[in-house]
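Next come the chains, spelled out residue by residue.
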Protein chains: 2
Amino acid sequence: MGATIRDIAEKTGVSITTISQILNGKGSRFSEATRNKVFQTAKDLAYKPNFFAKNMVTNRTNTIGMIVPEVTDPFFSQMVKGAEDYLNAHDYMILLCNSSQDSKREDLYVEELLHRAVDGLIIASPNILASNVFTQLEALHKPYILLDRKRHHREEGNIFIDDYEGGYMATEHLISLGHTNIGIITSDDSFYSVEERLQGYQASLKEHGILGSPAWIMEGDQTMSGGYIASKKLLETADITALFVTNDQMAAGAYRAALELGIAIPDDLSVIGFDDIELAEYMAPTLTTIRQPIYDIGKTAAKYLLKAIQNPNEKMANKKMPLDLIVRESTKKRIVNAE
Amino acid sequence: MGATIRDIAEKTGVSITTISQILNGKGSRFSEATRNKVFQTAKDLAYKPNFFAKNMVTNRTNTIGMIVPEVTDPFFSQMVKGAEDYLNAHDYMILLCNSSQDSKREDLYVEELLHRAVDGLIIASPNILASNVFTQLEALHKPYILLDRKRHHREEGNIFIDDYEGGYMATEHLISLGHTNIGIITSDDSFYSVEERLQGYQASLKEHGILGSPAWIMEGDQTMSGGYIASKKLLETADITALFVTNDQMAAGAYRAALELGIAIPDDLSVIGFDDIELAEYMAPTLTTIRQPIYDIGKTAAKYLLKAIQNPNEKMANKKMPLDLIVRESTKKRIVNAE
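Residues numbered from 1 in each chain as written. Chains lettered and ligands numbered in written order. Predicted model: local features only at pLDDT ≥ 70, side-chain atom pairs only at ≥ 80, totals over all residues. Heavy atoms only, no water.

Trainee: Kindly report on the packing of helix α2 (residues 16–23) of chain A against helix α3 (residues 32–44) of chain A, identifying the contributing residues and their values.
Mentor: All names here are of chain A. Taken N-terminus to C-terminus, the directions of α2 and α3 make an angle of 85 degrees; their axes are 10 Å apart at the nearest point. Relative to α3, the element α2 lies roughly perpendicular. Across the interface between the two elements, Ile 19, Ile 22 and Leu 23 of α2 pack against Thr 34, Arg 35, Val 38, Phe 39 and Ala 42 of α3. Across the contact of α2 with α3, the residue classes tally to six nonpolar, one polar and one charged. (Axes fitted to C-alpha atoms, helices over the stretch in contact; angles between N-to-C directions. Helix = DSSP H or I, 4+ residues; strand = E, 2+ residues; numbered from the N terminus. Parallel < 35°, antiparallel > 145°, perpendicular 65-115°, else oblique. Contact = heavy atoms within 4.5 Å. Nonpolar A, V, L, I, M, F, W, Y, C, P; charged D, E, K, R; others polar.)

Structure (structure tokens):
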């Protein structure tokens, strides 16, 4: 067995309460000499703190675990920021885990966070989580928010956007500008519910009597280079005057593909994105897009979670977050040739 | 006192070892029925796991704490990715903390991570950490890597780039293209060691007999909008033909400022950035920049840390990471008018 606080007390003559406060970083009112003595003795005795002992006093750790699929994606880092700002303002901290979209890693991280006694979890997952993850969460009475596009059927704490509606809105905007031959860049990454955005696109085309074509649809990775590769393939083959790129990062890649092919945006090709990340305003031309309230999604998740921690017996609310069409320079009325 | 594993064993008739494995997510070889019985009983008895008890067996938790100043900055998210890929490949996980550049929050996160028994820490900090943070780290014998631009004087485990050299390289490139009136966008954010990049810029000017001018220097926030505001101010007032923007994110803002002022890049203005984030290749024109091996910095930090965990009595090595000039389309020979 390692040394305990009692051992440090015996050796230093400092009270257990004082030592506990100093070792827990709450000893600023004690003298530098006392603090140094305690730290030095803890070091000499190879003392290891028992986090759980501290935790048992308040039964709260004021930390929240948050799992996201990809921290390098500005979409998720904005979401983290929103959650964090709210939690920090309420004296909570975040332990953040990056699952790299891997469902096994998500399961492991949930376990690790539970072992570390977080007060609750926010899980942004592209996957169906293992059922024992939920059993564990519930066995430990840990409130959690799933940002999962309603992939798990859950009656409470659903915070979501309507991807179908977003895809529909984007396509309606292009059609309203006179475009009929409209391409779409999708992705195999299911997290963004690109599938639903595609369905919204197809519904809009259909409503306007536009037949559409499989040749107008191209799949790519959810990155700038993924958007570039997919757009280049599509623009080389399909006869289109407008393009719906299902996220803004990929749209940056579409811009480069158009540039290399000598296709001018918006004169030859109107482009609309999805998300409204900061970059959208700095692209040339600035990017028309469907804005998701990414920061607010993170913030709302944090808010609902703290409410659930404070009121463990109440059901969490559900909230649909609004989408907005942000018209910038990259979309334009279709020019119909006189000939 | 809460229920223990022993209580679950008595109630279920399952052995303590089996229960422990199931509750620790390592029970996949047991039947679904046994696992459910254990989870259900744990739930009924409101069992809370004692992470420390598990930890005492191996004395390792296989988790690393990592603190970064700003996860929404692609620079740091790439660094996290590099560390994570290495750690995950070695069966370690990361608990990530975002300090928002706040030194108090950094101190708090170090404490929280220590309480949660991480095996080591990677701390990317723009600040001077409180001295008791180091006392704590050392009292607990926790290896740590500081990615702090050598702000703390430490003889081992320094992984760094030479910012002075980077600033010098960028300016030399512009001068080699015939530019003499060269502006610079700096920042008040000390993390990037912009101060040293500025000194490298000044040294290069001086070596070539260029006097320089305070009117060529403008400070801004380390974001796209910060780069935009600072560049706009600078380009409106200073008579320059080249601009060194001390990070790529800000360079995206400089592009917009130039566009609004009718200044063509690279014909009227050569622009060089710093970092080489993915965006640099997708800007129009593509951005010439000084490449930092961001991903490798994170990876090397992880590698050195694991080595220190495995060999607690050896000193950690120091490593200077290389910088490279990446020439793309945004810099060009200065056109001297014949008149």
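The discussion continues.
Trainee: Lay out the sheet that holds strand β9 (residues 270–275) of chain B with the relevant residues and their values.
Mentor: All names here are of chain B. Pairing within the open sheet is mixed, and its six strands lie in the order β7-β6-β8-β9-β10-β12. Unpaired on one side and paired on the other, β7 (217–220) and β12 (324–326) mark the two borders of the sheet. For this sheet, the mean angle separating the axes of adjacent strands, direction not counted, is 20 degrees. Relative to strand β10 (residues 288–291), β9 is paired through four bridges, and the arrangement is parallel. Bridge pairing in β10 places Asp 275 opposite Arg 291. Against the sheet, helix α10 (residues 224–237) makes contact with β6 (182–187), β7 and β8 (242–245), and its axis sits at roughly 155 degrees relative to β7, the strand it touches most. (Pairing = 2+ DSSP bridges.)

Trainee: So what's going on with the relation of the copies chain A and chain B? Residues and values would help.
Mentor: In this arrangement, two copies of a chain are superimposed by a rotation about an axis accompanied by a shift along the axis. With an RMSD of 0.1 Å, chain A superimposes on chain B once it is rotated by 180 degrees and translated 0.0 Å along the axis. Taken together, the turn and the small shift mark the pair as related by a two-fold rotation axis. No C-alpha of chain A lies nearer the rotation axis than that of Leu 96 of chain A, which sits 2.4 Å from it. The residues that chain A uses at the interface reappear at the interface of chain B in 100% of cases, marking a shared surface. (Least-squares fit on C-alpha atoms with pLDDT ≥ 70 in both.)

Trainee: Can you break down the confidence of the model for chain A residue by residue, with the values?
Mentor: When pLDDT is averaged along chain A, the result is 88; 92% of the residues meet or exceed 70. Scored below 50 in pLDDT, residues 51–58 of chain A shows 18 contacts in the model against residues more than four places distant or in partner chains. (pLDDT = per-residue confidence, 0-100.)

Trainee: Provide a residue-level description of the nonpolar core, including the pertinent values.
Mentor: Judged by nonpolar contacts, the single largest core of 184 residues is most densely connected at Ile 122 of chain A together with Ile 122 of chain B. Not counting the four nearest positions on each side in its chain, Ile 122 of chain B is found in contact with Ile 64, Gly 65, Met 66, Ile 67, Ala 83, Ile 145, Leu 147, Ala 301, Ala 302 and Leu 305 of chain B. (Core = buried A, V, L, I, M, F, W, Y, C linked by side-chain atoms within 4.5 Å. Buried < 20%, exposed > 50% of the residue type's maximum accessible area, 1.4 Å probe, protein only.)

Trainee: Can you tell me about the sheet that holds strand β8 (residues 242–245) of chain A, naming the residues and giving the values?
Mentor: Residue and element names in this part refer to chain A. The strand order across the open sheet built from six strands is β7-β6-β8-β9-β10-β12, with neighbouring strands paired in mixed fashion. Since the sheet does not close on itself, it has two edges, and those belong to β7 (217–220) and β12 (324–326), each with one partner. Across this sheet, the average inter-strand angle for adjacent strands is 20 degrees, counted without regard to direction. Of the strands in this sheet, β6 (182–187), β8, β9 (270–275), β10 (288–291) and β12 are in contact with helix α8 (residues 163–176), which crosses β9 at around 160 degrees.

Trainee: Talk me through the pairing of β10 of chain A; I want residue IDs and the actual numbers.
Mentor: For β10 of chain A and β12 of chain A, the ladder comprises three bridges, and the chain directions are antiparallel. Bridging from a neighbouring strand, Thr 289 of chain A pairs with Ile 326 of chain A of β12 of chain A.

Trainee: Go over the state of the cysteines with me, naming the residues and quoting the values.
Mentor: According to the stated counting rule, one finds zero disulfides over all chains in the structure shown. Take Cys 97 of chain B: it sits in no disulfide, and the sulfur closest to it among the cysteines is that of Cys 97 of chain A, at 9.3 Å. Owing to a relative accessible area of 1%, Cys 97 of chain B belongs among the buried residues under this scheme. (Disulfide = S-S within 2.5 Å.)

Trainee: With reference to specific residues and values, describe the side chain of Thr 289 of chain B.
Mentor: Residues and elements named next belong to chain B. Assignment of secondary structure puts Thr 289 in strand β10. A distance of 2.8 Å separates polar atoms of two side chains, one belonging to Thr 289 and the other to Asp 248. Within the local environment of Thr 289, its side chain forms a polar contact with the backbone nitrogen of Phe 274, the two atoms lying 2.9 Å apart. The residues touching Thr 289, leaving out its near neighbours within four places in the chain, are Asp 248, Ile 272, Gly 273, Phe 274, Asp 275, Asp 276, Asp 324, Leu 325, Ile 326 and Arg 328. (Polar contact = N/O pair within 3.5 Å; in protein donor to acceptor, adjacent residues only side chain to side chain.)

Trainee: How would you sum up the interface of chain A and chain B? Please name residues and give values.
Mentor: At the junction of the two partners, chain A supplies 67 residues and chain B supplies 68 residues. Looking only at chain A, the three residues that lose the most surface to chain B are His 115, Arg 116 and Tyr 282 of chain A, adding up to 12% of its buried area. Where chain A packs against chain B, one counts two salt bridges. For Lys 81 of chain A, the salt bridge goes to Glu 70 of chain B, with nearest N and O atoms at 3.2 Å. Remark: the boundary between chain A and chain B carries 19 residue pairs in polar contact (both at pLDDT 80 or more). Of all the secondary structure elements, the ones that give two or more residues to the side of chain A that touches chain B are α3, α4 (51–58), α5 (74–89), β2 (93–98), α6 (103–115), α7 (131–139), α10 (224–237) and α11 (248–260) of chain A. The element that contributes the greatest number of residues to the side of chain A that touches chain B is α6 of chain A, accounting for seven residues. For the side of chain A that touches chain B, the per-class residue count stands at 31 nonpolar, 21 polar and 15 charged. (Buried area = accessible area lost by both parts, 1.4 Å probe. Salt bridge = Lys/Arg side-chain N within 4 Å of Asp/Glu carboxyl O.)

Trainee: So what's going on with a positive patch on the surface? Residues and values would help.
Mentor: Residues and elements named next belong to chain A. A surface patch of positive charge is lined by Lys 299, Lys 303, Lys 307 and Lys 319. At three residues, helix α12 (residues 294–310) tops the list of elements feeding residues into the positive patch. Tracing the chain through its elements places Lys 307 in helix α12. Residue classification places Lys 307 among the exposed residues on the basis of a relative accessible area of 53%. (Patch = residues over 30% accessible without salt bridge, like charges linked within 9 Å, V, L, I, M, F, W, Y side chains within 5 Å. Areas by Shrake-Rupley, 256 points an atom, 1.4 Å probe, with all protein chains shown as cover. Lys, Arg positive; Asp, Glu negative; His and termini not counted. Charge placed at Lys NZ, Arg CZ, Asp CG, Glu CD.)

Trainee: Could you give an account of the pairing of β2 of chain A, naming the residues involved and the relevant values?
Mentor: Residue and element names in this part refer to chain A. The element β2 is extensively covered by neighbouring structure, given that six of its six residues are classed as buried. The alternating pattern of β2 places Met 93, Leu 95 and Cys 97 and Ile 94, Leu 96 and Asn 98 on opposite faces, both of which are buried. Sheet analysis places strand β1 (residues 63–68) next to β2, joined by six bridges and oriented parallel. Opposite Ile 67, over in β2, you have Cys 97 as the bridge partner. Between β1 and its parallel partner β2, the chain crosses via α5, and the hand of that crossover is right-handed. (Right-handed = clockwise from strand over helix to strand, strands pointing away.)

Trainee: Mind laying out the environment of Thr 34 of chain A, listing which residues take part and the relevant values?
Mentor: All names here are of chain A. As for its position among the elements, Thr 34 is in helix α3. A C-alpha to C-alpha distance of 43 Å links Thr 34 and Glu 106, two positions 72 residues apart in sequence. If we ignore the near neighbours within four places in the chain, the residues touching Thr 34 are Val 14 and Ile 22.

Trainee: Can you lay out the packing of helix α1 (residues 5–12) of chain B against helix α2 (residues 16–23) of chain B for me, pointing to particular residues and giving the numbers?
Mentor: All names here are of chain B. Taken N-terminus to C-terminus, the directions of α1 and α2 make an angle of 115 degrees; their axes are 9 Å apart at the nearest point. Overall, the two elements α1 and α2 adopt an arrangement that is roughly perpendicular. In this structure, the crossing between α1 and α2 has a hand that is right-handed. On α2, the residues that touch Ile 5, Arg 6, Ile 8, Ala 9 and Thr 12 of α1 are Ile 16, Ile 19, Ser 20 and Leu 23. Looking at the contact of α1 with α2, its residues break down into six nonpolar, two polar and one charged. (Left-handed = near helix turned anticlockwise from the far one by under 90°.)

Trainee: Summarise the domain arrangement of chain A; cite the residues concerned and give the values.
Mentor: Domain annotation for chain A reports domain 1 (5–49), domain 2 (59–160 + 294–321) and domain 3 (163–291). Between the C-alpha centres of domain 1 of chain A and domain 2 of chain A the distance comes to 35 Å. (Domains from an automatic or database assignment.)

Trainee: So, helix α1 (residues 5–12) of chain A: which residues are in play, and what are the values?
Mentor: Residue and element names in this part refer to chain A. For α1, the set of buried residues is Ile 5, Ile 8, Ala 9 and Thr 12. Buried residues along α1 cover an arc of 100 degrees about the axis, so they all sit on one side. Opposite the buried face of α1, at more than 90 degrees from it, the exposed residues are Arg 6, Glu 10 and Lys 11. Residues of α1 that are buried in the fold lie against α2 and α3. (Arc of directions from axis to C-beta.)

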